[in-house]
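# Residue-level structure breakdown
Chain residues, written in single-letter form:
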Amino acid sequence: MSRGPRTSPPGSGVALAFGLSALSSIGLTVVYAFGGQPQLEGLLLGVALGGLAVGLVRWAQDLMPGGGYVEQRDTEMGGTLQSDAAVRLFERGEEEVQRRSFLGKALGAALGALGLAALFPIRSLGSAPGTSLVVTPWADGIRAVTIDGEPVRPEELAIGGVLTVFPDGHPDAADAQTLLIHLSPGTYRPVTSDREGWAPEDFVAFSKVCTHAGCPVGLYQPADHRLFCPCHQSIFDVLEAAAPIAGPATRPLPQLPLRIDTEGYIAAGGDYSEPIGPGYWSRPRA
Amino acid sequence: MLRQTAGWFDTRLGTSAFVQKALTKVFPDHWSFMIGEIALYSFIVLLLTGTFLTFFFDASTSHSVYRGAYEPLNGVEVSDAYRSVLELSFDVRAGLVMRQIHHWAALVFIGSIVVHLCRVFFTGAFRRPREINWIIGVLLLILAIFNGFSGYSLPDDLLSGTGLRIAYSIALSVPLVGTWMAFLLFGGEFPADEIIGRLFVVHIMIVPALIIGLLTVHLAVVWRQKHTQFREPGRTEGNVVGSRLWPSYAAKSVGLFFAVSAVLCVMGGLAQINPVWLYGPFEPQQVTSPAQPDWYLGWVEGALRLVPAFDVRLFGYEIPNPFFPAVLLPGVTFTLLLAWPFLEQHFAHDKEAHHLLDRPRDHPVRTALGATTLTFYTVMFVAASNDLIAKWLGASIFGITLVFRILILIMPPLVGWGTYRLMKALTASGAGHLSEMPLAALTNGASADGHGSRVHEGKAHTGDGHAGDGPAGNGLGAPAEDAHAPRG
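Residues numbered from 1 in each chain as written. Chains lettered and ligands numbered in written order. Predicted model: local features only at pLDDT ≥ 70, side-chain atom pairs only at ≥ 80, totals over all residues. Heavy atoms only, no water.

For the rest of this paragraph, the subject is helix α6 (residues 131-152) of chain B. Taking 1.5 Å of rise per residue, the 22 residues of α6 of chain B would be expected to cover 32 Å, and the 32 Å separating its terminal C-alpha atoms lies within 8% of that figure. With respect to burial, α6 of chain B is a largely interior element, 17 of its 22 residues being buried. (Helix = DSSP H or I, 4+ residues; strand = E, 2+ residues; numbered from the N terminus. Expected span 1.5 Å × (residues − 1). Buried < 20%, exposed > 50% of the residue type's maximum accessible area, 1.4 Å probe, protein only.)

All names here are of chain A. Where strand β2 (residues 144-145) lies against strand β3 (residues 162-167), two bridges are found, and the strand directions are antiparallel. Within β3, the position partnered with A144 by the bridge is P167. Here β3 runs beside strand β4 (residues 178-182); their pairing, made up of four bridges, is antiparallel. Note on β4: the bridge partner recorded for V165 is T178. (Pairing = 2+ DSSP bridges.)

Bringing the pairing of strand β5 (residues 203-207) of chain A into the picture now. Residue and element names in this part refer to chain A. Taking burial as the measure, the five residues of β5 include five buried ones, the bulk of the element. Judged by which residues are buried, β5 turns out to be covered on both faces: F203, A205 and S207 on one side and V204 and F206 on the other are all buried. Bridging between β4 and β5 involves five bridges; their strand directions are antiparallel. Residue pairing for β5: L179 is matched across the bridge by F206.

Bringing a negative patch on the surface into the picture now. Residue and element names in this part refer to chain A. Side chains of D148, E150, E155, E156 and E201 sit close together on the surface and give a patch of like negative charge. Its place among the elements puts E155 in the loop between β2 and β3. Taking the relative accessible area as the measure of exposure, E155 reaches 63% and is therefore exposed. (Patch = residues over 30% accessible without salt bridge, like charges linked within 9 Å, V, L, I, M, F, W, Y side chains within 5 Å. Areas by Shrake-Rupley, 256 points an atom, 1.4 Å probe, with all protein chains shown as cover. Salt bridge = Lys/Arg side-chain N within 4 Å of Asp/Glu carboxyl O. Lys, Arg positive; Asp, Glu negative; His and termini not counted. Charge placed at Lys NZ, Arg CZ, Asp CG, Glu CD.)

Moving on, we get to empty space enclosed by the protein. Taken as a whole and judged by the stated rule, the model has four cavities of 30 Å³ or more. L133, A174, D175, V209, I276, G277 and P278 of chain A together with R165, Y168, L172, E189 and F190 of chain B together form the lining of the largest cavity. Grouping the amino acids of the lining of the largest cavity by side-chain chemistry returns eight nonpolar, one polar and three charged. (1 Å grid on protein atoms, 1.4 Å probe; cavity = no way out; pocket = protein on both sides within 12 Å on 5 of 7 lines; lining within 4 Å. Points joined across faces, edges and corners; volume = space filled by probe spheres on them. Nonpolar A, V, L, I, M, F, W, Y, C, P; charged D, E, K, R; others polar.)

Here we come to the interface of chain A and chain B. Taken together, the contact between chain A and chain B spans 78 residues of the former and 87 residues of the latter. The contact between chain A and chain B buries some 6,800 Å² in all, and 64% of this surface belongs to carbon and sulfur atoms. Taken as a group, E71, R73 and W281 of chain A account for 14% of the area that chain A buries against chain B, more than any other trio of residues on that side. For the interface between chain A and chain B, the tally reads two salt bridges. (Contact = heavy atoms within 4.5 Å. Buried area = accessible area lost by both parts, 1.4 Å probe.)

Here we come to the sheet that holds strand β5 (residues 239-244) of chain B. With respect to topology, three strands assemble into an open sheet ordered β1(A)-β5(B)-β1(B), the strand pairing being antiparallel. On the outer flanks of this sheet lie β1 (69-72) of chain A together with β1 (26-27) of chain B, each paired with one strand and no other. Relative to β5 of chain B, β1 of chain B runs antiparallel, the two being bridged by two bridges. Paired with F27 of chain B across the bridge in β5 of chain B is S243 of chain B. Where helix α10 (residues 245-270) of chain B meets the sheet, it contacts β1 and β5 of chain B, and its direction lies at approximately 75 degrees from that of β5 of chain B. (Axes fitted to C-alpha atoms, helices over the stretch in contact; angles between N-to-C directions.)

Taken as a whole, chain A is organised into domain 1 (12-62 + 91-124) and domain 2 (144-280). The gap between the C-alpha centroids of domain 1 of chain A and domain 2 of chain A is 50 Å. (Domains from an automatic or database assignment.)

Okay, unusual backbone geometry next. Residue and element names in this part refer to chain B. Cis geometry is adopted by the peptide bond preceding P129, which originates at R128 and carries an omega value of 10 degrees. In this fold, P129 is placed in the loop between α5 (95-122) and α6. In the segment running from F190 into P191, the intervening peptide bond is cis, with an omega of -5 degrees. One can find P191 in the loop between α8 (178-186) and α9 (195-225). At K226, a position not held by glycine, the phi torsion is positive, near 65 degrees. The residue K226 is located in the loop between α9 and β4 (229-230) in this model.

Moving on, we get to the environment of M34 of chain B. Residue and element names in this part refer to chain B. Structurally, M34 can be placed in the loop between β1 and α3 (35-54). With a relative accessible area of 36%, M34 lands in the partly exposed category. Separated by 240 residues in the primary sequence, M34 and N274 place their C-alpha atoms 28 Å from one another.

Attention now moves to the pattern of salt bridges. Charged atoms that come close allow side chains of opposite charge to pair. Residues and elements named next belong to chain B. All chains considered together, the criterion is met by 21 salt bridges over all chains. R83 serves as the salt-bridge partner of E87, at 3.1 Å between the closest nitrogen and oxygen. Of this pair, E87 and R83 both sit in helix α4 (residues 80-90), four residues apart, which is roughly one turn of that helix. Among the salt bridges present, the one from E301 reaches R305, with a minimum N-O distance of 2.8 Å.

Residue and element names in this part refer to chain A. Strand order in the open sheet made by the four strands is β6-β7-β8-β9, with antiparallel pairing throughout. Two strands in the sheet have a free side with no partner beyond their single neighbour: β6 (219-221) and β9 (243-246). Here the strands of the sheet are splayed against their neighbours by 30 degrees on average, with no regard to which way each runs.

Chemically, a disulfide is nothing more than a covalent bond linking the sulfur atoms of two cysteines. Residue and element names in this part refer to chain A. Applying the stated rule across the entire model yields one disulfide over all chains. Note that C215 is cross-linked by a disulfide to C231, the S-S spacing being 2.2 Å. Taking the sign of the S-S torsion, about -90 degrees here, the bridge from C215 to C231 comes out left-handed. Taken as a pair, C215 in the loop between β5 and β6 and C231 in the loop between β7 (226-228) and β8 (235-237) lie far apart in primary sequence, 16 residues in all. Residue classification places C231 among the buried residues on the basis of a relative accessible area of 0%. Here C229 stays unpaired: no disulfide links it, and the sulfur of C210, its closest cysteine neighbor, is 4.0 Å away. (Disulfide = S-S within 2.5 Å.)

In terms of nonpolar packing, the biggest core is built from 133 residues, with I181 and L227 of chain A together with W134 of chain B touching the most fellow members. Among the elements that take part in this core, α5 of chain B stands out by supplying 15 residues, more than any other. Inspection of this core shows a minimum of three residues originating in each of domain 1 (12-62 + 91-124) and domain 2 (144-280) of chain A. Other than its neighbours up to four places away in sequence, W134 of chain B contacts L117, V120, F121, F126, L337, L338, W340 and P341 of chain B. Of all hydrophobic cores here, the second largest spans 17 residues; its members include W138, A205, L256 and L258 of chain A. (Core = buried A, V, L, I, M, F, W, Y, C linked by side-chain atoms within 4.5 Å.)

So, on to the packing of aromatic side chains. One pass over the full model with this rule turns up 31 aromatic pairs over all chains. For the pair F18 of chain A and W59 of chain A, a centre-to-centre distance of 6.3 Å together with 65 degrees between the ring planes defines the contact as edge-to-face. Note that F18 of chain A is positioned in helix α1 (residues 12-33) and W59 of chain A in helix α2 (residues 38-63), a separation of 41 residues in sequence. Exposure remark for F18 of chain A: the relative accessible area of 26% places this residue in the partly exposed category. Pairing F257 of chain B with F258 of chain B gives two aromatic rings, centres 5.3 Å apart and planes at 55 degrees, and the pair type is tilted. Pair check on accessibility: F257 of chain B and F258 of chain B agree, each one buried. Among the aromatic residues, those joined into a ring-pair cluster are F121, F122, F126, W134 and W340 of chain B. The ring centre of W8 of chain B lies 3.9 Å from the NZ or CZ of R12 of chain B, which sits over that ring. Over the aromatic face of W223 of chain B sits the side chain of K25 of chain B, whose NZ or CZ is 4.9 Å from the ring centroid. (Phe/Tyr/Trp six-rings, centres within 6.5 Å; stacked < 30°, edge-to-face > 60°. Lys NZ or Arg CZ within 6 Å of the ring centre and 35° of its normal.)

Listed below in structure tokens is the structure:
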């Protein structure tokens, strides 16, 4: 590669780059010794390594023999004759083995059994699903509490308000996280007759776990009573029993029956209307 | 001294013959052959920075109170994993720069693998005898994506916790075995405590070991088969023209290693990435908004958002919606990628060995298919930000999603058709480079089309002693020797 008439001896740029690299490494040591600073560390590391890069590449391009070397290659590796010979050698050994075919079968059986036995420890990796995907800690009479364990009275949540609640005693039950919503008076519409009593004092509750991919359905717009999942933009209509109206979700958010207990706190009237969260192969029908 | 050392080894291992061959080994020079090296060098940076990080990371979900240099979270109860990431970012000297270099290197690693894959695809470098290395390369891509995901899930922050939550739901969606699979992977119903510790072992040992193994084979196969080269005077199917390993190619390649690590270090120092202290610790009832994965999973995320709301219910069983975009689509994607060399061999009737590369125009159908495929995944990738786009444009999320659903249907064929025309016009115009092609060639493309390709078909078998490219005539057929006028 021609670079026009040189004003400096060849290699001076290379030396400069290496020098800059060395200075930068020294600078890095100083920065580190004085307690470190991320931006400077990255920059100095970059100059130290970049100097080496520029120096080496320029050295190679300007001062080393370049391209134009020719090497021959085999267009095809090996050949039919060699591979035939290899196959014959293998087959000769195979015949030896086949003469003792019973031993071969016994060996196969032993190896197979060992392989199967080796699979069993996989079972130790986790608990059996059992009913854990179907039931939650919610049950009739269990109070709805905040993440801090405080029970909730109806008057504590204004109309249009939303609160994330858990079953009393299970503040870390991820599958029981529930959105408690205070509707405008008289707007609750039970989708089935058995849900008529599920909204005492205009309070409704739905599972917070999205039925699409399990994200917490975190956003509520009281104006059009819609719940919005920030992960894949599924939208649920609270007045239609949290049925999906947009996005990839196919099922409503399960509803939690509510009642007001004898001490005036909001409590569950039972478990959810159906299994919460995303679908799976053997999910029971509601 | 060197002579003595060489002699010591040679008399014990007989190494000198190999060393002699190795030092004079010829590597063709072309900028596009360095993309794979960028991936390799990013991986080395990942190993170096990652090793440093393992000394400080604590893969546990036990909770303790954070007391450290980051004020806003001081006194907050967080998991040990999250706490250790805060500490290595704020309290360990040079910890933050290492963490950020590591994350940037991961993004560049997978990015350069994808660009390298495109280079190999569009130049036909996957053809016989390089099918093996194509397959290894695709496996490396899968492993790299998996390790990227397992890596950014480790800090146990709110954003990555949301990603794990979605991954759990995707595992759950697999027919028949999904429930057990999710429970065994995560150790129980989400959020099970085991997952961070398991991902750590997978991320720092199992997958890196597999990558190192496959990478070694990948490079050994390149070494054994010798690198491909573009057609230029003096280059034939039977030779390699370029620089020798020692000293010029070695110097350039080591220089490239330093260049890659220099860029990654500057990025790691100056460009903030994955600030987990801003996302906060993972809490199952909280979620970040917006929530997007790292770029290489953007296509899956986009597919999850674009797919219409449907699921399959059969005989009382259910195949839930996420299965289709997040299990089936990636499955089909990687199966087709793995099978591509054999599919092309079958449909183009070309089972011959090729060491000279194609230019994209030489195989308009392949190039158009590649462009179609890239467009399909690009639309999904962009759709992964449909909420952000809706916000920027002040438009409704319904409208934006609808637009993307239309785009994913019309853009890929449109781009494919345009690419096909462009490639045909390029061949017909005889221009050495796209920038040299007169614009008129594109508009005259229709008439030039048939004529141009017919001329080439006639000459396809008169190459440099490399007959039997198979019948030409379909777009994937043999390239025309005369289409490659010497350039430059």
